[in-house]
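A look at the structure
In case you want the letters, here they are:
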Amino acid sequence: MPIPAYKAPKSRAYDIVIAGGAVVGSSTAYWLSQKLGREASVLVVERDSSYEFSSTALSTSAIRQQYSNPINVKISQFGIEFIRDFPERMAPFFRDEAAPDLGFREHGYLYCVSPEGVDPARERVDLQRSLGAHTVFLEPGPLKERFPWLNVDDLGGGAWGARDEGWFDSMGMLNGLRRAARCSGIEYIDNAVIGLGMQGGRVASVRLATGEEVACGVLVNAAGPRAQQICDMAGLSIPVAPFKRYSFVFASCTPIPGRMPNVIDLSGTFVRPEGELFLTGNTPLNDGPADYDDFEIHHDEFDDRIWPALWHRIPDFDALRVKQCWTGHYEYNMLDHNGIVGFHPEVTNFMFANGFSGHGLQQSPAVGRAVAELIVDGGFQTLDLSAFRYERIPLNEPFVEEAVI
Ligand SMILES: Cc1cc2nc3c(=O)[nH]c(=O)nc-3n(C[C@H](O)[C@H](O)[C@H](O)COP(=O)(O)OP(=O)(O)OC[C@H]3O[C@@H](n4cnc5c(N)ncnc54)[C@H](O)[C@@H]3O)c2cc1C
């Protein structure tokens, strides 16, 4: 018998509700499922299960060890371990099929360094090496020898990581995590969180676009560039907004021989091979917060800024043709371009997993694990991510990381 229209939808209760089911939400769901088994009820609410506009789907999906802050190096080291072990980890959830391989391309990163930047770059390399990374600093001569196609005339050198750096398949990671979480009893629904019911300063329930109200013990904000929308619902504020990033795939008349790394130019433009083609992007002119639904591309960015920078750094890039382009949103932390991870100090069951800016994909394995530890164990058990706590935001104390792209 059909349910009469006036009837309120049946109310449900979950121990943990995750708003947003892309890579950060699904990593959190995966780690919760590994810790709790079917002991706890966890709901992931995803407003667009096609993930068409998610940062995860539109990411350029690279991972590096080249950071200036030790905790970021350690997070990415765990990221690499996770990527390498992915097929094995996922195998129990893909019994009759091949477990996903993330197609990791270990081509490394090459940071171009200006003459003035040599000392700090050497310090970063020393720090990374002390933590087990394989970065080396190359003077202009050896740099040219190693990468003959690179213009080193205006460089003081380059920081090159030949191992544990490269790029991988973002949707493969998301799909694997999501499948593993679902197979372990986590529920995913196609719906949007449109409001939070607050009681005694805590999140008591989540209101869904379909009108249903779901009671919850803990709310995890994993809404990517829309994180502030979820914060608004609890009367909270974080400096996270969507910032547009344009990606261009192009063909070059002249191929680049050898194993080309992800080159980060002094201008901030990056370029790397993508099969026979190349992928590039930069920090666009007039960078700033964008509308949530603004994915319009600015082709001028390639013509006026990216291509001249590429041609200068790699003179073989004199004849290029753009084959494909798209716009994605960084979930940009305007205070310090780094993640916000942890419970709110007053709304004590509101968990942040936000603001990862341009490195959230590689950080998602460690972040999901850390969020699960905070919820289940009440503190970090593996990597201590307390440097990313929310408390730094109202104190206006930026987390310092020099190597942001
Ligand atoms: C062009 C580009 C290049 C990048 N390059 C790299 C890189 O090289 N390396 C790297 O590590 N990172 C990179 N990043 C960053 C990385 O992709 C992101 O940090 C990461 O994907 C963020 O994942 P997320 O799950 O937090 O956000 P998202 O992937 O955006 O997911 C958030 C999800 O929440 C859902 N949602 C939002 N609001 C609601 C709501 N109210 N109710 C229910 N669901 C909701 C959305 O539909 C979405 O699916 C890049 C990003 C871009 C855009």
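Residues numbered from 1 in each chain as written. Predicted model: local features only at pLDDT ≥ 70, side-chain atom pairs only at ≥ 80, totals over all residues. Heavy atoms only, no water.

Looking now at the nonpolar core. Residues I16, I18 and M173 are the most contacted members of the largest nonpolar core, which totals 54 residues. At the level of secondary structure, the elements contributing two or more residues to this core comprise β1 (12–19), α1 (23–36), β2 (42–46), α3 (70–90), α6 (170–183), β11 (213–221), β18 (350–354) and α9 (360–376). Once you skip the residues sitting within four places of it in the chain, I16 turns out to touch L32, L36, S41, V42, L43, V218, V220 and I375. Counting 27 residues, the second largest nonpolar core, distinct from the first, contains V206, L208, F352 and I393. (Core = buried A, V, L, I, M, F, W, Y, C linked by side-chain atoms within 4.5 Å. Buried < 20%, exposed > 50% of the residue type's maximum accessible area, 1.4 Å probe, protein only. Helix = DSSP H or I, 4+ residues; strand = E, 2+ residues; numbered from the N terminus. Contact = heavy atoms within 4.5 Å.)

With that settled, the discussion passes to the confidence of the model for the protein. Residues with a pLDDT of 70 or more make up 97% of the protein, whose mean pLDDT is 95. Segment residues 5–10: pLDDT under 50, and three contacts once partners within four positions in sequence are set aside and those in other chains are kept. (pLDDT = per-residue confidence, 0-100.)

Moving on, we get to the domain arrangement of the protein. Along its sequence, the protein is carved into domain 1 (12–61 + 170–239 + 335–392) and domain 2 (105–166 + 242–330). Computed from C-alpha atoms alone, the centre-to-centre distance between domain 1 and domain 2 is 31 Å. For domain 1, the biggest contributors to the area lost against domain 2 are L58, T60 and P225; these three give 48% of the whole. At the boundary of domain 1 and domain 2, one finds one salt bridge. (Domains from an automatic or database assignment. Buried area = accessible area lost by both parts, 1.4 Å probe. Salt bridge = Lys/Arg side-chain N within 4 Å of Asp/Glu carboxyl O.)

What follows concerns the pairing of strand β9 (residues 193–199). Two strands pair when backbone bridges link them, and β9 and strand β10 (residues 202–208) are joined in this way by six bridges, in the antiparallel orientation. Across the sheet, the residue bridging to V193 is L208, located in β10. Turn length for the β9-β10 hairpin, with the two strands adjacent in sequence and antiparallel, is two residues, and the turn residue G200 shows positive phi of about 60°. (Pairing = 2+ DSSP bridges.)

Below, the discussion takes up the site of the ligand. Of all residues adjacent to the ligand, which total 37 residues, the nearest are E46, T56, A62, E331 and Q362. With respect to the ligand, the backbone of V45 contributes an N or O atom lying 3.4 Å from a nitrogen atom. Within the side chain of T60, an N or O atom sits 3.1 Å from a nitrogen atom of the ligand. Taking 1000 Å² as the accessible area of the ligand by itself, protein coverage stands at 96%. When contributions to the shell around the ligand are tallied by element, the ones reaching two or more residues are α1, β2, α2 (55–58), β12 (240–252), β16 (320–333) and α9. Here the shell around the ligand takes four residues from β16, the largest share from any one element. Split into classes, the residues belonging to the shell around the ligand amount to 15 nonpolar, 17 polar and five charged. (Near = heavy atom within 4 Å. Polar contact = N/O pair within 3.5 Å; in protein donor to acceptor, adjacent residues only side chain to side chain. Areas by Shrake-Rupley, 256 points an atom, 1.4 Å probe, with all protein chains shown as cover. Nonpolar A, V, L, I, M, F, W, Y, C, P; charged D, E, K, R; others polar.)

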